[in-house]
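Results of the structural survey
So you can see what is in the structure, the chains are spelled out below.
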Amino acid sequence: MLSDVIAAVATPAGRSAIAVVRVSGDGAHTVASRVLESFRPEPERRAARSRVVHPATGEVIDEAVYITLHAPRSYTGQDMVEISTHGGVLVPAETLAALVAAGARVATPGEFTRRAVLNGKMDLLQAEAVGDLIDATAPAQRRTALSQLDRGLSLRITKLRSQVLDLEALVSYEIDFPEEDSGPVAPERIDGAVEELCEAFRDLSRTAAEGERLREGALAVIAGWPNAGKSSLFNALVGHERAIVTEVPGTTRDAIEAPVTCGGFPFRLVDTAGLRATEDRVERLGVEVSHRYLDAADVVIFCGECGRRLEPAEQEFLEKLNGRVVMVRTKADISPPPCASESGIRVSAISGEGLPELRTELARFAFATLSGQADLEPLVTRERHRAALQVALEETEAFRDSRIAGLEGAVAAIHLQAAVRALEDIIGVVTADDILDRVFASFCVGK
Amino acid sequence: MSALDFDVIVVGGGHAGAEAACAAARLGVRVLMVTSAIETIGQMSCNPAIGGVAKGTLVREVDAFGGIMGRAADRATIQFRMLNRSKGPAVWSPRAQCDRGLYRRAVRTLLEEQDALETVQATVARLEIRGDRVMGVVTQDGRKFRGDSVIITAGTFLRGRIHIGLETRIGAGRAGDAAVVDMAEQLEALGLEVDRFKTGTPPRVDGRSVDFSRLERQDGEGDSFRFSQFVRSARPEQLPCWITWTGEELRGIIEDRLQESALYGGALAGRGPRYCPSIEDKIVKFPNAERHQIFLEPEGLETSELYVNGLSTSLPVDAQIAFLHAVPGLEKARMTRPGYAIEYDYYPPQQLTPWLEVKAVEGLFFAGQINGTTGYEEAAGQGVVAGINAARRHRGEEPIVLGRDAGYIGVLVDDLVTRGVDEPYRLFTSRSEYRLLLRQDNALKRLGPLALELGMLNDEEQRTLERRLEEEEMVLKAAADTSVSPDRVNAYLDTCGESQITETQRVSELIKRPGVHLKDLFRCTGSPMPQAHEESWVSAQVEMKYAGYMAREREAARKLAELTDFHLPADLDYGKIASISTEAREKLGRVRPESLAQAGRIPGVSPSDLQNLVLEVMKLKRNAA
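**With respect to the overall build of chain A**
When you go through chain A residue by residue, the secondary structure sums to 15 helices and 12 strands. Classification of the 447 residues of chain A by burial places 39% in the buried group. Sequence separation of at least 24 residues holds for 66% of the intrachain contacts in chain A that already meet a minimum separation of 6.

Rendered as structure tokens:
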């Protein structure tokens, strides 16, 4: 808990030139060496360059600058590596994912600071001030809303944990009370409980996509051929002139990101370079960036002018997005007659026509479950929670599979204990008494 | 030093007392055992059996320290069974039915064979305490004994009171033995928190009046197992147990007479153990159960008396006779002794350190039922811990605390002092988070090296330990070095229901398949079998078969050790830590945990409380530095 390797993105999410990903703990240098291709622990406190590579897939994520720090001469007092990647949302997140694949754990909020205090690098008052600073950037209203959502989730997870404990109690009963009246537990009883649990884990995990969008904002990427009016639409939705708009095709070369609210839901709206084959080297880079955003997008706002028939290449592009598309017809103020088979919301960045409809459609699209419900179901809003649920599901399945393979109950039960621990990472702590209480409640034991 | 001067005094000669005295004496200090009746040293007050699930493993842990219980049980075993045999070696649980007389005499003999250990018959009137330090004991016959450490192992004797029905109440520590009142009053007057528990015992019957033709006979297993890992003693003649069932008629009798039960009529208030319910409890709490199993267990070789396991009761004597006669096979049974409930003082164990010393009184140790536990084995385990640490305190050495991953003894003591008890505490495998690591076959391997380091093993025992460790290594190495070809092993794999192999494989790989046994695999190889004891084979097989799972448990234990290394100051003023919850302040102040790991196991202390506690302690340490 106090010395394992943790990693986190240290800079705020969103548009920025660079982002910093920090790694700390015993073995931080080893973990970093699996991700940074040309990593060297020495010399410390010197910037060096390296490609960032995913250790499992070998995929190149970025070209980055890193600095190694040696315990105790670091922020946390432990061995550390600070990696400066390119900014935005994707590259830092992918770098973090690569570090996790290399053996790091995603840090809990404030964990770097806590370690700094533990190792005497900072006193408590300083640490509290750091915490206040970080918290103050989140709007109070949103925090409240999130904590209410989380409350529902922790109740739900408490119940799931209780179900796993029930299951473990059945196994424990067989081991701890071998000579009892009721005889062995019927295998169907265990099988049924396992299936029910796995289904519940899957159900809850399915809410994770929208939950994370609610926390981070859904990624809405504006795309289309050059000069289709993407940046005008972007500015109209954001509410001020953020992107440079000209009549010259190919003006936008870098992706631009801004937060917007649609129908009460948070979005990260991204304007991208127009999609076309180009000879201009800088513009081509912009197009490559566009594609990366398009791959990660929750929804793609595809722009085509009113009254223009889509080209076959555009049709082909839309098909590749697998339905993650809201079609928009731009420049409605010019008001040309609709072309044959024209579909999509007619929008004008100048008159504002169609913008409310587009916002509603985006909310419905990215938050389908949430926008349709009056009462909120518990929702998995954090990646950490989703990962824990995934572990709980996998361990429960492993319990089932190992039993089928003929493994003894005492051994297979280790999977259930791991599932319980995963759930407790989200909500709290367990005691062996929990198991025994269940045994005593369900069986008449004792001679 | 006068003849009345000792280093460690043990008050009580039951299962905790015997082990405490033995452990302290093995450490080389001068030990006195004071018991009210030398004849009843090692008495089995309740059921005539040693071991069982988790308990059997604990007996072997006690044995690893050179303890008494395993050796005595081996000499007294009249029926032996390995419980959970079909559920895999990881949870095999040895249990022996014992001849009460043989067991008692074996304990006494083993104590008498121990150097530097004396026994006197006397009842302790009071403890000599100066300030907050114990100095010795004074007995009712006026003798004074000096000792730096005093271990109280009073069992159910402190203000013990027996109940049979609503009318009969007898002050007693056990049927036929007087309760201890003086010392109980003195302990309470010291300001220690005291509470009451109850437990019960069933009637016994004359075997000559039992119709065995209506009972199911249960014989024991073969002769191979011994609890002791150091000595292999001969077993006495073997006897069967007998199984029968309660039915509708018995239910009717209990329901009719329920209000006359000491428990249900309101005569008894203390909490009893849920896992050892009286027959009244079983009928009331599980109304849908059609029948309940009863074991008739022999009391010994030289008597026909049988212990009726499963019918613990506090009903009046005539009701007991009536329901006994409703049991198939017992229609004409003559009851030799009635069952009874007993309530007694116990001292909530959160008042103790993790080495079982009373926090408020230096040098005073508690072990056994006085700490709210039940069971001979649980008492014995605490006796070992108290005995070792009482001797070490006398010598001015650091206390020894057993980790939860080291043994069930560690689990037991940690549960007691950290979580406290709200019913008589019994061990289960579910109490441990390391069920796979804590096995009966590796008890000596786990704890023998510590016992040796502490100086508790003699030369011969040391050689036995070393041989045991070498053997396992040898088997593991042989398994890694030996391969077996498809034509040699496929027929065997077929019989295990395992798929055949196509290429030669190492034994250490093949053993990972669920149905495969290590010795059988070696036989297939045609190579010479490594010569090793059964435990070494079982242990090596488990290590290889479940290597991945064992690694997970060891990793969890390693993480826990990290938190255990984070010590909390003994004088920390929890009331002044504003950043932790009110409940946590109160609970932490009561338990005063030694380490962060122990703090984390206290119910009511949340992870965020722990984090804030860490920050606070770090700040204090730096300010002090």
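After presenting the structure, the write-up continues.
**Notes on the overall build of chain B**
Scanning chain B from terminus to terminus reveals 20 helices and 22 strands. Relative to a compact globule of 625 residues, whose C-alpha radius of gyration would be 25 Å, chain B shows 26 Å and is just as compact. Across the 625 residues that make up chain B, the buried fraction comes to 55%. Of the contacts formed within chain B by residues at least 6 apart in sequence, a portion of 73% connects residues at least 24 apart.

**Regarding helix α11 (residues 355-366) of chain A**
All names here are of chain A. Taking 1.5 Å of rise per residue, the 12 residues of α11 would be expected to cover 16 Å, and the 16 Å separating its terminal C-alpha atoms lies within 8% of that figure. For α11, the complete set of buried residues consists of Leu358, Glu361, Leu362 and Ala366. Each buried residue of α11 lies within a common arc of 115° when the element is viewed along its axis, so the set occupies one face.

**Quick look at the sheet that holds strand β2 (residues 18-24) of chain A**
All names here are of chain A. With respect to topology, six strands assemble into an open sheet ordered β3-β4-β5-β2-β1-β6, the strand pairing being mixed. Every other strand in the sheet has two partners, leaving β3 (48-53) and β6 (105-106) as the edge strands with one partner each. Here four bridges tie strand β1 (residues 6-9) to β2, and the two strands are oriented antiparallel to one another. Considered in β2, the bridge of alanine 8 is made with arginine 22.

**Remarks on the sheet that holds strand β11 (residues 325-330) of chain A**
All names here are of chain A. One open sheet accounts for six strands, arranged β8-β9-β7-β10-β11-β12; its pairing is mixed. Sheet topology places β8 (256-262) and β12 (345-346) at the edges, where each strand pairs with a single neighbour. Relative to strand β10 (residues 299-305), strand β7 (residues 218-224) runs parallel, the two sharing five bridges. Considered in β10, the bridge of isoleucine 222 is made with isoleucine 301.

**A look at unusual backbone geometry**
Residues and elements named next belong to chain A. Backbone torsion omega between glutamate 42 and proline 43 reads -10°, so that peptide bond is classified as cis. Inspection of the secondary structure assignment puts proline 43 in the loop between α1 (28-35) and β3. Here alanine 71 and proline 72 are connected by a cis peptide whose omega angle stands at 0°. Structurally, the position occupied by proline 72 is in the loop between β4 (60-69) and β5 (80-86).

**Notes on the confidence of the model for chain A**
Residues and elements named next belong to chain A. In the predicted model, chain A carries a mean pLDDT of 79, and the fraction of residues at 70 or more is 75%. Element-level pLDDT for chain A is lowest in helix α4 (residues 124-136), with a mean of 42, against a maximum mean of 96 in α1. In the predicted structure, residues 123-150 sits below a pLDDT of 50 and forms 17 contacts with residues beyond four places in sequence or in another chain. Low pLDDT, under 50, characterises residues 428-433; the predicted model gives this stretch nine contacts beyond four residues in sequence or across chains.

**Notes on the domain arrangement of chain B**
Residue and element names in this part refer to chain B. Its domain assignment divides chain B into domain 1 (7-195 + 344-454), domain 2 (204-342), domain 3 (471-550) and domain 4 (565-624). The C-alpha centroid of domain 3 is placed 41 Å from the C-alpha centroid of domain 1. Taken together, the eight residues of domain 1 in the interface contact nine residues of domain 3. Here the side of domain 1 that touches domain 3 is built from residues that sort into four nonpolar, one polar and three charged.

**Some points on the confidence of the model for chain B**
Looking at chain B, pLDDT values average 93 and 99% of them are 70 or higher. Here the prediction assigns the complex a pTM of 0.79, and the interface score ipTM is 0.85.

**Re the pairing of strand β10 (residues 161-164) of chain B**
Residues and elements named next belong to chain B. Every second residue of β10 is oriented toward a common face, with Arg161 and His163 on one face and Ile162 and Ile164 on the other, all of them buried. As paired strands, β10 and strand β11 (residues 168-171) are joined by four bridges and run antiparallel to one another. Across the sheet, residue isoleucine 164 finds its bridge partner in β11, namely threonine 168. Counting the residues that bridge the hairpin from β10 to β11 gives three residues, and of these glycine 165 lies at a positive phi of roughly 65°. One ladder, built from three bridges, connects β10 with strand β19 (residues 340-346); its direction is antiparallel. If you follow histidine 163 over to β19, its bridge partner there is alanine 341.

**A short note on the environment of alanine 368 of chain A**
Residue and element names in this part refer to chain A. By the element assignment, alanine 368 lies in helix α12 (residues 368-371). According to the C-beta neighbour criterion, alanine 368 is exposed, with 12 such atoms within 10 Å. Residues alanine 368 and glutamate 210 lie 158 residues apart in sequence; the distance between their C-alpha atoms is 8.2 Å.

**A closer look at the nonpolar core**
With 174 residues, the main nonpolar core has Ala21, Ala24, Val31 and Ile151 of chain B as its most contacted residues. Ignoring sequence-local partners within four residues, the contact set of isoleucine 151 of chain B consists of Val8, Val10, Val11, Ala20, Phe365, Ala367, Ala386, Gly387 and Ala390 of chain B. Formed by 39 residues, the second largest nonpolar core is a distinct cluster that contains Ile222, Trp225, Val347 and Leu362 of chain A.

**A closer look at helix α10 (residues 312-320) of chain A**
In terms of residue burial, α10 of chain A counts as a barely covered element, since only zero of its nine residues are buried. Of the residues one or two after α10 of chain A, asparagine 322 of chain A is the one with positive phi, at around 55°.

**Here's the deal with the packing of helix α2 (residues 55-64) of chain B against helix α3 (residues 69-76) of chain B**
All names here are of chain B. Here α2 crosses α3 at 115°, and the two axes come no closer than 7 Å. Here Val59, Arg60, Val62 and Asp63 of α2 come into contact with α3, specifically with Met69, Gly70 and Ala73. A per-class count over the contact of α2 with α3 returns four nonpolar, one polar and two charged.

**Describing the packing of helix α12 (residues 459-481) of chain B against helix α16 (residues 534-545) of chain B**
All names here are of chain B. The contact between α12 and α16 brings their axes to 9 Å, and the two run at 50°. Judged by the inter-axis angle, α12 sits oblique to α16. The element α12 and its partner α16 pack so that their crossing is right-handed. Here α12 contributes Arg468, Glu471, Glu472, Val475, Leu476 and Ala479 to the contact with α16, which in turn contributes Glu535, Ser536, Trp537, Ser539, Ala540, Glu543 and Met544. For the contact of α12 with α16, the residue count by class is six nonpolar, two polar and five charged.

**Description of the environment of alanine 104 of chain A**
All names here are of chain A. Looking at the secondary structure, you find alanine 104 in the loop between α2 (90-101) and β6. Separated by 100 residues in sequence, alanine 104 and aspartate 4 place their C-alpha atoms 7.8 Å apart. Discounting chain neighbours no more than four positions away, the residues touching alanine 104 are Val5, Ile6, Ala7, Val23, Val31 and Leu99.

Rules used throughout
Residues numbered from 1 in each chain as written. Chains lettered and ligands numbered in written order. Predicted model: local features only at pLDDT ≥ 70, side-chain atom pairs only at ≥ 80, totals over all residues. Helix = DSSP H or I, 4+ residues; strand = E, 2+ residues; numbered from the N terminus. Buried ≥ 20, exposed ≤ 12 C-beta atoms within 10 Å, placed from the backbone. Contact = placed C-beta atoms within 7 Å. Rg over C-alpha atoms; globule rule 2.2 N^0.38 Å. Expected span 1.5 Å × (residues − 1). Arc of directions from axis to C-beta. Pairing = 2+ DSSP bridges. pLDDT = per-residue confidence, 0-100. Domains from an automatic or database assignment. Nonpolar A, V, L, I, M, F, W, Y, C, P; charged D, E, K, R; others polar. Core = buried A, V, L, I, M, F, W, Y, C linked by C-beta atoms within 7 Å. Axes fitted to C-alpha atoms, helices over the stretch in contact; angles between N-to-C directions. Parallel < 35°, antiparallel > 145°, perpendicular 65-115°, else oblique. Left-handed = near helix turned anticlockwise from the far one by under 90°.

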